[in-house]
Amino acid sequence: MKYRTMGKLGIQASAFGLGCMRFNGKASGDSVIDEEKAISLIRRAIDGGVTYLDTAYVYLDKTSEIVLGKALRDGYRDKVTIATKMPKEYVHNRAEMEELLESELKKLQTDHIDFYLMHGINRGKWDYFKSIGAPEFFEDMKKAGKIRYKCFSFHGSYDEFEYILNDWDWDMVQIQYNFMDVDNQAGTKGLKLAGSKGIPVVIMEGLLGGRLSKAPGNVQALYDNFPVKRSAVEWAFRWLCNHPEVSVVLSGCNEQEQIDENLRIFDGVGPDIMSGEELQLMDDVRKAY
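Here we summarise the structure given alongside this text. (Residues numbered from 1 in each chain as written. Predicted model: local features only at pLDDT ≥ 70, side-chain atom pairs only at ≥ 80, totals over all residues. Heavy atoms only, no water.)

### Regarding the sheet that holds strand 5 (residues 81-86)
Strand order in this closed barrel of eight strands is 3-4-5-6-7-8-9-10, and the pairing throughout is parallel. In this sheet, neighbouring strand axes are inclined to one another by 30° on average, regardless of whether the strands run parallel or antiparallel. The strands touched by helix 11 (residues 256-265) are strand 3 (16-19) and strand 10 (246-252); relative to strand 3, the strand with the most contacts, the crossing angle is about 160°. (Pairing = 2+ DSSP bridges. Helix = DSSP H or I, 4+ residues; strand = E, 2+ residues; numbered from the N terminus. Axes fitted to C-alpha atoms, helices over the stretch in contact; angles between N-to-C directions. Contact = heavy atoms within 4.5 Å.)

### Things to note about the nonpolar core
Most often, soluble globular proteins have nonpolar side chains that are buried together. Leu18, Met118, Phe152, Ile175, Tyr223 and Phe266 are the most contacted members of the largest nonpolar core, which has 89 residues in total. Here this core gets eight residues from one element, more than from any other, and that element is helix 10 (residues 232-241). Look past the residues within four positions of Leu18 in its chain and what remains in contact with it is Ile42, Ala45, Val50, Tyr52, Leu53, Asp54, Ser251, Cys253 and Ile259. Of all hydrophobic cores here, the second largest spans 15 residues; its members include Met6, Leu9, Tyr52 and Tyr149. (Core = buried A, V, L, I, M, F, W, Y, C linked by side-chain atoms within 4.5 Å. Buried < 20%, exposed > 50% of the residue type's maximum accessible area, 1.4 Å probe, protein only.)

### Some words on the pattern of salt bridges
Tallied over the full model, the rule gives 25 salt bridges. A salt bridge links Arg77 to Asp114; the nearest nitrogen and oxygen atoms lie 3.0 Å apart. With a gap of 37 residues between them, Arg77 in the loop between helix 3 (64-71) and strand 5 and Asp114 in strand 6 (residues 113-121) connect regions that are remote in the sequence. Summarising the burial analysis for this pair, Arg77 and Asp114 share the class buried. (Salt bridge = Lys/Arg side-chain N within 4 Å of Asp/Glu carboxyl O.)

### Some details on the environment of Thr81
Examined against the element boundaries, Thr81 turns out to sit in strand 5. Sequence separation of Thr81 and Asp54 is 27 residues, and the distance between their C-alpha atoms is 8.7 Å.

### What to know about the packing of aromatic side chains
Scanning the model with the defined rule gives 20 aromatic pairs in all. Geometrically, the ring pair formed by Trp168 and Trp170 is edge-to-face, given 4.8 Å between the ring centres and 90° between the ring planes. The pair Trp168 / Trp170 is uniform in exposure class, with both members buried. A network of ring pairs unites the aromatic residues Trp126, Phe152, Phe154, Phe161, Trp168 and Trp170 as a single cluster. One cation-aromatic arrangement involves Lys88 over Tyr128; the distance from NZ or CZ to the ring centre is 4.7 Å. Seen from the ring of Tyr163, Arg123 lies directly overhead, with NZ or CZ sitting 3.5 Å from the centre. (Phe/Tyr/Trp six-rings, centres within 6.5 Å; stacked < 30°, edge-to-face > 60°. Lys NZ or Arg CZ within 6 Å of the ring centre and 35° of its normal.)

### Side note on helix 7 (residues 158-167)
Those residues of helix 7 that sit buried are Tyr158, Phe161, Ile164 and Leu165. Taken down its axis, helix 7 places every buried residue within 125° of arc, on the same side. Buried-residue contacts for helix 7 involve strand 6, helix 5 (123-131), strand 7 (147-154), strand 8 (172-176) and helix 8 (187-196). (Arc of directions from axis to C-beta.)

### A word on the side chain of His119
With respect to the element layout, His119 can be found in strand 6. Here His119 is in contact with Ala56, Val58, Tyr59, Lys85, Met86, Pro87, Phe129 and Ser153, once residues within four sequence places are set aside.

### Considering the packing of helix 1 (residues 35-47) against helix 3
Helix-helix packing is characterised by the crossing angle of the two axes and by the distance between the axes. One way to put it is that helix 1 packs onto helix 3 with a least axis distance of 9 Å and a crossing angle of 60°. Classed by the angle they form, the pair helix 1 and helix 3 counts as oblique. Viewed along their axes, helix 1 and helix 3 form a crossing whose handedness is right-handed. Residues Glu35, Ala38, Ile39, Ile42 and Arg43 of helix 1 pack against Val67, Leu68, Lys70 and Ala71 of helix 3. Looking at the contact of helix 1 with helix 3 residue by residue, the class counts come to six nonpolar, no polar and three charged. (Parallel < 35°, antiparallel > 145°, perpendicular 65-115°, else oblique. Left-handed = near helix turned anticlockwise from the far one by under 90°. Nonpolar A, V, L, I, M, F, W, Y, C, P; charged D, E, K, R; others polar.)

Now the structure itself:
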């Protein structure tokens, strides 16, 4: 597993971060998470070197944090950092923010959350969070040791991203980014803006909701004709990790084979590792899509 320095924070994180929102239900078809399987997957990732785990209050019908908390028993909590999130829809004042955070700490079975994010914000949601005193709450919880870093995940336009990033002293940001989203949402411009400020960037939707994991015929032909053979998934993750500004790439896994494949892929990535020919291939792939 390759590790990367998280910008101005100066801490090390695994390039592969495990997203905890895609665990399957039981084989019976029950929508409830198969806890035994999910716990096994989480621990397999950690045993393989993953140190960054991402969840949220609302994931998997509000059960993802519970399962992650169980997986981090037996000393596993000490090996990782946890990221979870505060959704706008559930908080309207400080009392509700306090109640929600305490609920998340209890479900995660921990006394602190490493990366606490305002969930999926844009300009309007950021203005709302400010109106209910969320920045002050985050600062107070950081001083109290209940959270370590104040962060946000983002879905919106570049202009909104620039405004939010410059409007407060953020510790980390999570953005949607992949080789098809270079000009969408925060995009490459937003990634580089965060990097210029020393703000670490965590990537979500690196495979665009899985749509980049299986290439259509015209794209697969480009991959097949390239001298070096890699899967569509590996090309997508390799392209992301080529960016020095990227600290962690999240990948949601629901099978052991996916965990193992990601561990292999992320053991061979790094900033500025791609050749000119490889970068041209990815430009051609983008055009083909």
